[in-house]
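# Residue-level structural notes
Listed below, chain by chain, are the residues.
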Amino acid sequence: MVASSTPQPLLRMEGITKSYGSVQVLHGVELSVGRGEVLGLLGENGAGKSTLLNILNGVIQRDTGSIVIDGSPVEFTGPKQAQEAGLAFIHQELSVLPYLSVAENVFLNRLPRRKGAPWLVDWAACYRQAGEILERLAVKIHPRTLVGSLGTAEQELVEIAKALSMNARIITMDEPTASLTESEIERLFTLMRALKADGVSVIYVSHRLDEVAEICDRATILRDGKIVNTVDAQTTDSHALATMMVGRELSELFPKTEHERGRETLRVSNLSTVKVDDVSFTAHAGEVLGIAGLVGSGRTELVRAVFGADPITSGEVFVNGEAVTLDSPGTAIRHGIGLVPEDRKLQGAVLSMTNAHNITLAGLSKVSRWGQLDRGGEKQAAKRLIQDLQVTPSRIEQETGRLSGGNQQKVVLAKWLFAGSDILIVDEPTRGVDVGARAAIHGLLNDLAGQGTTIIMISSDLPEVMGMSDRILVMHEGRIAGELPRKDFSEEAIVMYASGLEPTTEGAKA
Amino acid sequence: MSSTAQMDRPVDADAPKRRWAGLNIRAENLASGVVLVGLVIVLSVVSPAFLSFSNFLDIARVVAITGVIAAGMTLVIITAGIDLSVGSTVGLVGAVTASLVAGSASNSPFVTDFKLPVSLAVLVGLAVGSAIGFLNGLIITKTRIEPFMATLGTMIFVRGLVYLFTGGYPIHFDPMPHDFAFIGQGAVLGIPTPVWLFAIVVAALWWASRRMSVGRAIYAIGGNPEAARLSGLKVDRTKIFVYTLLGFLAGLAGIILTSRLASADTVNGQGYELIAISGVVIGGTSLGGGRGSVIGSLIGVFTVGVIQNALNLFGASTQVQYVVTGLVLLLAISLDGIARLRRRT
C-alpha cells in the first residue's frame, strides 16, 4: 500500500470479510480514505465492490473486520446509522422522487418545522436552506423546481445536495458518470473538487479508467474480493490499472473446441437505435462471436434490436442473405434467431409455468395443429431436452420458478433448442449461475457451435468471453470500439477498447 | 461474484421451505372445492330445504348468468387484467336485444317498430357485447392504461349508454316470443337452458385455456409479459382477444337475464362484475396473473351462489347478503395476496 498523505485517515476499513453461504466474496479487505480525498475504487463486475460499499454504508453487515471513522470504531446496524455517522451513498440508479421539489427531496424526512408549531412544515426555511446548499455547490437550480423535470446530471446534483444537507463527510458515488454526457461529467468533477476543498471525502467507483486519473487522488483496486493494490492515481496510467483489474491467467474452465467457421448467417448493417450508434457486423455458422463492453455500452440494446424487441431508427439485418423486417421477436424467431435475455427472471422464463410449458413457449406451432396442442408430443420433447441439459429436478411439471438460477437458465436455453434457433444470442448467459451449471452451459454453447449454430455471446466476464469466443466485438458508448480475432485476445485490449481508449501495441492490434 | 453467491445459497438452504410452499399452493387450489363441499354438507344438515334437486337447479340457474361472465373473467384475470365494465355490458346488450325482439315495448324513443327475428336480434346483441370488449382490449393495449382504470371508464360510459337507450324506462314484452323466452326460461331434459349454456361456456373455455396454444399464451402473458413477448407471442393481440371474448360472454349473460326477467331494465347487470370477480378469486385464480383455472371459477361462483341461497333460505335480508358476500370476497382476496407474498420470498 502507498502511504496515505494524511497522518490519520478519516475512514479506515480493516480486515473486512463477507461470505454468502460457502462462497466468500470479501477476503480481509483494507481501505482508507483521507480527509478531502477522492479515492477511486476499481474492479471488474463481481470483484466485490458493491458488497464492500454496502457494508460501509450499513446496507449489509460484515462478517469480521472493523470500520474506523475519525479514530473511533463504528458499528452500523442499518443505513440510517451510517447516515448519522456522516456517510452518504449515491447509487447508480438515483433515488430521487420525481414529483417532489428539489427542496423537498433534499430535506426528505427531515423537513424543517415551524418554531412553536412542530407539526407544521416551515416551507420558507426549507426553500431557503435548500437554496443555500445549492449555492454552496454553485448549482443553478431553483429549490422549487420539480426534480422530475431535471436532467439525469442535475438529479445527481440534487442527490449530492441531499448528502451535504445531512452533513455527510464521506460520500460514496457508484458509477455516477454512467449516464452523463461529457459536459455533465465535467460539471460533476468541478463540484467534486469543490467538495474536496471543503474537506469532504469521496469514494468514487467507475469503470472509465481515464476519469480515474482526472479526478482521483489514489485508486484502490479490488479483484476477486481481495485488494490488489492501492496506487497514486495521478502517476499510474490506465494500462497499468487495467492490468491490475483483470491480471489473471485464462482459466481452463472454457474448453474451446476449434471448428470450421461456415458461411455468413447474420449481417447487421448500419444499425442504430436510441442507444446504438451505426453498428455493422457479421456472424457465421459455427462461430462464437463475443460482445464485450461495459454495462450500459449498448451491448444489450444492440442484440435486442437485432431480435426485433426494441425499435430501430435505421439500419438493416440480413439472415442468410435475406433482409429481415425488425418488427417483432416473432419475426426474428421465424428467421431462426433466438435470444436468451440478460434478466432470466424478468425476461427469460415464465416462472409461474412448468418447465415443459416454458420449453415449448417459443415453438408452440411445432406442438400444435389448428391451435390444438399436442400434449403428448410436448411432454416427450420437453423430457428429452431436460435430460439432455441435465436440468434438476428433472420433472417436466416442475414450476420453473422453483428451480435454481442455473437450472432456470438451462430451461431458457432449452426453449431455443426446441424452437430450433440457428442464430442463438445469449446475453450474460452465466450471470448468477453456479459453477456446475456454468460449465454445462459453456459446453452446450460449444456443442451448438460445433453443429453449425451461430452463437453471439454478450458477457461482462472477460475470462468467459475470451475463453468461449472466436472473435470479440468490444462496444463503447453505443459503437463498436474494436474487433479482436482470437489470436489477438487480451484482457488489456478489451478493457482499453471498452474504456474508449486505443490499446497500446503491446496489448493488441485493432 | 456476490450475486452468484446469493443465487447459490437458497438451492440447499431453502429446499424444505419450498416443499412447504408447494403444499400451500396445492392447498389453495383445493381450498375452494373443500369449502364448497363443506358448505353443502353443513347446509344439508341444518336445512332440509337445501338438500333438494329443485333447490340445486335453482342455485345453478342463478349462478349460470354470473358464471358465464366469471368464465370469461378468468381468462382476463389470468392475463393480469380485470374488467369492471361487464355489468354495464349486460345492461346494454339486454336492452338492445330486447328492443329488437318482436313484442317488446317501452316509452324509449329507441324502442321502435323495427324488429328482427330472435336469432338475428341475439346476434346483434352479442356483437354489441363483443364490440365493448374489443374497445376495452384496444384501450388497454394501445394506451397502456391500467385495466382497472380503463374498464372503470367503459363501465360508466356503457351504463350511460343504457340510460340513453332506454330513456330510463324498462323494456317489456307483450308477449315475449317463445324462442326468446326459451333462452332464459326454457329447459332441455329437465335442465334449465341457462345451465346448459353455462356448461358449454365453461367446457369451451376450459378447453381453450388448457388444450389450445392461445390458452398457453394467456398464461404466459399473465405470468411474465416480457418473457412472453421475447418468446414471439403476440401479447397485444391475445389481450384484445380475451377482452373481446369476455364482452361477448357478458352480452350472452345480458340476453339470458333479459329473457329470464322478461324485461330489460336500466339497472340490469349492475354489480355483476363484482360477483363474477369474487367467483374467480374464490376459485383460486390469482389477481397477479399467470395462475388460475376456469374450473376453479366454476367452483368459486357456485360457492358464492350457495352462500346466497343459504342466506335466502334463512330469510336474511339483502343488506345482510351484501355484507356476507363482501366478507367472502375480502377473505378470498386476502388469501390470494398472502399466497403471492409467500411465493415471492
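See above for the structure.
Residues numbered from 1 in each chain as written. Chains lettered and ligands numbered in written order. Predicted model: local features only at pLDDT ≥ 70, side-chain atom pairs only at ≥ 80, totals over all residues. Heavy atoms only, no water.

### A few points about unusual backbone geometry
- With an omega dihedral of -5°, the bond running from A:T392 to A:P393 counts as a cis peptide bond.
- Within the element layout of this structure, A:P393 appears in the loop between α13 (375-388) and α14 (405-419).
- Cis peptide bonds are those with omega within 30 degrees of zero, and the linkage from B:D174 to B:P175 qualifies with -5°.
- Along the polypeptide, B:P175 turns up in the loop between β2 (171-173) and α7 (178-185).
- Non-glycine residue A:N270 carries a positive phi angle of around 50°.
- Relative to the elements of secondary structure, A:N270 occurs in strand β13 (residues 264-272). (Helix = DSSP H or I, 4+ residues; strand = E, 2+ residues; numbered from the N terminus.)

### So, the sheet that holds strand β9 (residues 170-174) of chain A
Residue and element names in this part refer to chain A.
- With respect to topology, six strands assemble into an open sheet ordered β6-β9-β10-β3-β11-β12, the strand pairing being mixed. Since the sheet does not close on itself, it has two edges, and those belong to β6 (87-90) and β12 (226-232), each with one partner. Within the sheet, the average angular offset between the axes of one strand and its neighbour, ignoring direction, is 20°.
- Strand direction decides the pairing type here: β9 and strand β10 (residues 201-205), joined by five bridges, are parallel. Looking at β10, one finds that I170 is bridged to S201.
- Docked against the sheet, helix α6 (residues 182-197) engages β3 (38-42), β9 and β10, running at close to 145° with respect to β10.
- The strands touched by helix α8 (residues 238-246) within the sheet are β3, β11 (218-223) and β12, with β11 carrying the most contacts at an inclination of about 30°. (Pairing = 2+ DSSP bridges. Axes fitted to C-alpha atoms, helices over the stretch in contact; angles between N-to-C directions. Contact = heavy atoms within 4.5 Å.)

### Focus on the environment of A:I337
- Topologically, A:I337 is positioned in strand β18 (residues 337-340).
- Apart from the residues within four sequence positions on either side, A:I337 is in contact with A:V306, A:F307, A:V319, A:A332, A:W416, A:S421, A:I423 and A:I425.

### Focus on the environment of B:V162
- Mapped onto the elements of the fold, B:V162 is located in helix α6 (residues 147-166).
- With 103 residues separating them in the primary sequence, B:V162 and B:D265 have C-alpha atoms 8.9 Å apart.

### Thoughts on the sheet that holds strand β16 (residues 314-319) of chain A
Residue and element names in this part refer to chain A.
- Taken in spatial order, the four strands of this open sheet run β14-β13-β16-β17, and their pairing is antiparallel. The strands lining the two open edges of the sheet, one partner per strand, are β14 (279-284) and β17 (322-324). Strand-to-strand, the axes of this sheet are offset by a mean angle of 20°, without reference to chain direction.
- In terms of strand pairing, β16 meets β17 through three bridges, oriented antiparallel. In the sheet register, F318 faces β17, and the bridge partner there is A323.

### Some points on helix α3 (residues 53-78) of chain B
- Roughly 45° is the biggest bend found in α3(B), and it falls at B:A64.
- α3(B) sits mainly inside the fold: 20 of its 26 residues count as buried. (Bend = angle between axes of the 7 residues up to and from the residue. Buried < 20%, exposed > 50% of the residue type's maximum accessible area, 1.4 Å probe, protein only.)

### A few points about the pattern of salt bridges
- What the rule picks out here adds up to 28 salt bridges over all chains.
- The closest approach of N and O atoms between A:D310 and A:R304, which form a salt bridge, is 3.0 Å.
- A:D310 sits in the partly exposed class, given a relative accessible area of 22%.
- We classify A:R304 as buried; its relative accessible area is 11%.
- One salt bridge connects A:E378 with B:R216, and the closest N-O pair in it is separated by 2.5 Å. Remark: B:R216 occurs in helix α9 (residues 213-223) and A:E378 occurs in helix α13; the pair is interchain, linking two chains.
- Taking relative accessible area as the criterion, A:E378 reaches 3% and is therefore assigned buried.
- By relative accessible area, B:R216 is classed as buried at 4%. (Salt bridge = Lys/Arg side-chain N within 4 Å of Asp/Glu carboxyl O.)

By themselves, these observations are geometric and do not establish any function.
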